[in-house]
Amino acid sequence: MGTAVDANALNADATYRAAVAKEFDQVTPENAMKWSEVEPVQGQFNWGPADELVAFARAHGQKVRGHTLVWHSQLPSWLTEDAFTPAQLRDLLRKHIFTEVGRYKGKIWAWDVANEVFNDDGTMRDTIWLRALGPNYIADAFRWAHQADPNALLFLNDYNAEWLNPKTDAYYNLIKTLRKQGVPVQGMGMQGHLALQYGLPNTVLQNAQRFDSLGIKTAYTEVDIRMQLPVDVYKSAAQSEGFGSLLRACLLVRGCVSYTLWGFTDKYSWVPGFFDGEGSATPMDENFQPKPAYYTMRETFQLAGH
Ligand code: G3I
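The following refers to the structure shown. (Residues numbered from 1 in each chain as written. Predicted model: local features only at pLDDT ≥ 70, side-chain atom pairs only at ≥ 80, totals over all residues. Heavy atoms only, no water.)

1. Overview of the pairing of strand E5 (residues 153-158)
Of all six residues that make up E5, six are buried, and the element is covered over most of its length. In E5, alternate side chains face the same way, and those of Leu-153, Phe-155 and Asn-157 on one face and Leu-154, Leu-156 and Asp-158 on the other are all buried. For strand E4 (residues 110-115) and E5, the ladder comprises five bridges, and the chain directions are parallel. Bridging from a neighbouring strand, Ala-110 pairs with Leu-153 of E5. Sheet topology note: the E5/strand E6 (residues 187-190) ladder contains four bridges and is parallel. Each bridged residue has a counterpart across the sheet, and for Asn-157 the counterpart in E6 is Gly-189. Crossover connection from E5 via helix H9 (residues 166-180) to parallel E6: handedness right-handed. (Buried < 20%, exposed > 50% of the residue type's maximum accessible area, 1.4 Å probe, protein only. Helix = DSSP H or I, 4+ residues; strand = E, 2+ residues; numbered from the N terminus. Pairing = 2+ DSSP bridges. Right-handed = clockwise from strand over helix to strand, strands pointing away.)

Here's what the structure looks like:
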């Protein structure tokens, strides 16, 4: 059971810090390991917040999920604004992966190597990496990450990846192909950013099962369930059902190794800042009071003997 951790809150808020330590056995840096955060100026590194989280996890016996190595978002501006050649970009990406994975070698349990590489219709997302390097950038990234830390579990990761749809078809086929080629892809991360106004997906278990049938690990990596405010008891109940159904799917497939919340308290959730009028997406309110979703997850774990 994991959570994304806000590096600033971890330092500034003792209640938050105590809850991260008490409720979870795995942590993901919400932003601290992203390229724009670790190398804001080319060649000048800012490892402080990521180092602190890794040390916190170690002190509390928690595993760390590294997030994320190749993404189209939160790239440093020196990288996206300068006109690098494809060869230079390939070299920069390779260096980035070796530097970051190498720094935390042996301390990261699983890496989100490639994040959000497909569009919802199953076509490849148009990114700086696809344009410059072509579709093989994904295989290269996995090979480099594996060379840099052979013991870390290496994941793909995406949203709208929790049910059967063209995007998960694309991931299923990609993983099959990559594994045939001997590329070290070891897991599929399903982020789990759901929104009540779109309904809860009903092929969650089938989707987890088909990834499981490929013999890889699966994980819910960024679960939160937002809603249009204000909250009412019906929305709260539906949210609780959503958190529960993803957790049940995880417990029901052999290779599901973790269930991670994208923040556990509304106090630091990314949702209100990104979606106007939406919020209440996590299992605890701004005052760390548990919602029905919290108890549903706890009961589900208890029923499963955890
Ligand atoms: O660090 C800068 C700070 O220096 C600056 O002063 C401040 C002013 O806006 O911005 C800070 O950066 C913000 C960063 O979060 C850290 O707080 C960015 O503006 C903001 O855009 C960024 O948002 C993050 C978002 O990814 C960016 O795409 C969210 O916190 C984070 O929860 C969210 O997480 C993503 C996952 O990585 C991938 N899956 C989807 C998920 C939700 O979008």
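2. Structural notes on the side chain of Ser-269
Checked against the element boundaries, Ser-269 lands in the loop between strand E9 (256-261) and helix H12 (271-274). For Ser-269, a relative accessible area of 14% gives the class buried. A polar contact is formed between the side chain of Ser-269 and the backbone nitrogen of Val-271, at a distance of 3.2 Å. If near-sequence neighbours (up to four positions away) are discounted, Ser-269 is found in contact with Ala-281 and Thr-282. (Polar contact = N/O pair within 3.5 Å; in protein donor to acceptor, adjacent residues only side chain to side chain. Contact = heavy atoms within 4.5 Å.)

3. Brief notes about the site of the ligand
The ligand sits among 16 residues. The nearest are Glu-30, Lys-34, His-67, Glu-222 and Trp-262. Between an oxygen atom of the ligand and a side-chain N or O atom of Gln-74, the distance comes to 3.4 Å. Between the ligand and Gln-191, the relevant distance is 3.1 Å, taken from a nitrogen atom to a side-chain nitrogen or oxygen of the residue. With the chains in place, 54% of the 780 Å² that the ligand exposes on its own is no longer accessible. The class makeup of the residues in the shell around the ligand is four nonpolar, seven polar and five charged. (Near = heavy atom within 4 Å. Areas by Shrake-Rupley, 256 points an atom, 1.4 Å probe, with all protein chains shown as cover. Nonpolar A, V, L, I, M, F, W, Y, C, P; charged D, E, K, R; others polar.)

4. Re the packing of aromatic side chains
Under the criterion given, the structure shown has 14 aromatic pairs. Ring plane angle 70° and centroid distance 5.5 Å describe the contact between Trp-270 and Phe-275, whose orientation is recorded as edge-to-face. Within the aromatic cluster, the residues linked to one another by ring pairs are Tyr-16, Phe-24, Phe-264, Tyr-268 and Phe-288. Here the guanidinium or amino end of Lys-167 rests over the ring plane of Tyr-159, the centre of that ring lying 3.8 Å away. (Phe/Tyr/Trp six-rings, centres within 6.5 Å; stacked < 30°, edge-to-face > 60°. Lys NZ or Arg CZ within 6 Å of the ring centre and 35° of its normal.)

5. Observations concerning the state of the cysteines
According to the stated counting rule, one finds one disulfide in the structure shown. Sulfur-sulfur distance for the disulfide between Cys-250 and Cys-256 comes to 2.0 Å. Its torsion about the S-S bond being -95°, the disulfide of Cys-250 and Cys-256 is classed as left-handed. The class for Cys-250 is buried, based on a relative accessible area of 6%. For Cys-256, a relative accessible area of 13% gives the class buried. (Disulfide = S-S within 2.5 Å.)

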